[in-house]
Amino acid sequence: MKKIAVVGTGYVGLVTGTCFAETGNQVICVDIDAKKVDLMRSGKVPIYEPHLDVLFERNIRDKRLSFTTNLDEAIEDAEIIFLALPTPPGEDGSADLRYVLGVAEELGKKIKNYKVIVDKSTVPVGTAEKVHAAVAKMPK
Ligand SMILES: NC(=O)c1ccc[n+]([C@@H]2O[C@H](COP(=O)([O-])OP(=O)(O)OC[C@H]3O[C@@H](n4cnc5c(N)ncnc54)[C@H](O)[C@@H]3O)[C@@H](O)[C@H]2O)c1
């Protein structure tokens with residue numbers, strides 16, 4: 001059992017988080033969209049994905065899956081943090097990394113012990129180094 005945080009609870013983050021909970025892990029999903037978080041907390045799945053509702057309900061009931069808008073709360077005990085944030089195409093068609101790197105900088109300010117950060121968003125080769133640099137940027 002791992003303690004996992006998923007940052008960004010859209011199509012990718014919610015499916016990822018729910019499936020990790022279904023396989024026995026403790027998962028907190030965090031999103032800045034308070035309406036979406038409220039909806040999920042009330043037991044409703046905001047997207048359609050075949051059979052996701054069954055897994056979603058089971059893992060909330062069994063207390064392996066929860067939702068928050070609070071990044072501190074989500075990462076406090078997490079051993080692994082998945083970034084499932086939007087990467088819309090920028091003006092030149094390349095992935096816009098502002099959401100991913102913005103959260104990485106936030107994590108740099110908040111993380112106090114060893115954590116594995118996984119880029120689950122679709123990102124170009126070399127992004128892991130950028131995320132690492134963004135996390136390391138903040139003086140501890
Ligand atoms: N949807 C797909 O089928 C699919 C398939 C392959 C890859 N991807 C990639 O996965 C990534 C995520 O895509 P998606 O479809 O899940 O996007 P999405 O828009 O459905 O979800 C992104 C979520 O991130 C949240 N968010 C934005 N900023 C945030 C922040 N600072 N802190 C916390 N949450 C924040 C949004 O509120 C939203 O709920 C993108 O890189 C996308 O290209 C998506």
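Right above here is the structure, for reference.
Quick notes on the rules
Residues numbered from 1 in each chain as written. Predicted model: local features only at pLDDT ≥ 70, side-chain atom pairs only at ≥ 80, totals over all residues. Heavy atoms only, no water. Phe/Tyr/Trp six-rings, centres within 6.5 Å; stacked < 30°, edge-to-face > 60°. Helix = DSSP H or I, 4+ residues; strand = E, 2+ residues; numbered from the N terminus. Buried < 20%, exposed > 50% of the residue type's maximum accessible area, 1.4 Å probe, protein only. Disulfide = S-S within 2.5 Å. Pairing = 2+ DSSP bridges. Axes fitted to C-alpha atoms, helices over the stretch in contact; angles between N-to-C directions. Contact = heavy atoms within 4.5 Å.

For any pair of aromatic rings, the description consists of the separation of the ring centres together with the inter-plane angle of the planes. Applying the stated rule across the entire model yields two aromatic pairs. Here Phe20 and Phe82 contribute two aromatic rings whose centre-to-centre distance is 5.0 Å and whose plane-to-plane angle is 35°, an arrangement assigned as tilted. Here the residue Phe20 occupies a position in helix α1 (residues 11-22), and Phe82 occupies one in strand β4 (residues 80-83), the gap between them amounting to 62 residues. Under the relative-accessibility criterion, Phe20 is labelled partly exposed at 27%. By relative accessible area, which is 10% here, Phe82 ends up buried.

What follows deals with the state of the cysteines. Throughout the structure, instances matching the rule amount to zero disulfides. Cys29 provides the cysteine sulfur closest to Cys19, a residue in no disulfide bond, and the two sulfurs are 11 Å apart. The buried category is assigned to Cys29, whose relative accessible area is 1%.

Taken in spatial order, the five strands line up as β3-β2-β1-β4-β5 in an open sheet, and their pairing is parallel. Of all strands in the sheet, those with a lone pairing partner are β3 (65-68) and β5 (116-119), marking the two edges. The mean inter-strand angle of the sheet, taken between neighbouring strand axes irrespective of direction, is 20°. Summarising the sheet, β4 and β5 pair through four bridges and their orientation is parallel. Looking at β5, one finds that Leu83 is bridged to Asp119. Across the sheet, helix α5 (residues 98-110) lies against β1 (3-7), β4 and β5, angled at about 155° from β4, the strand it touches most.

In short, geometric facts, not functional conclusions.
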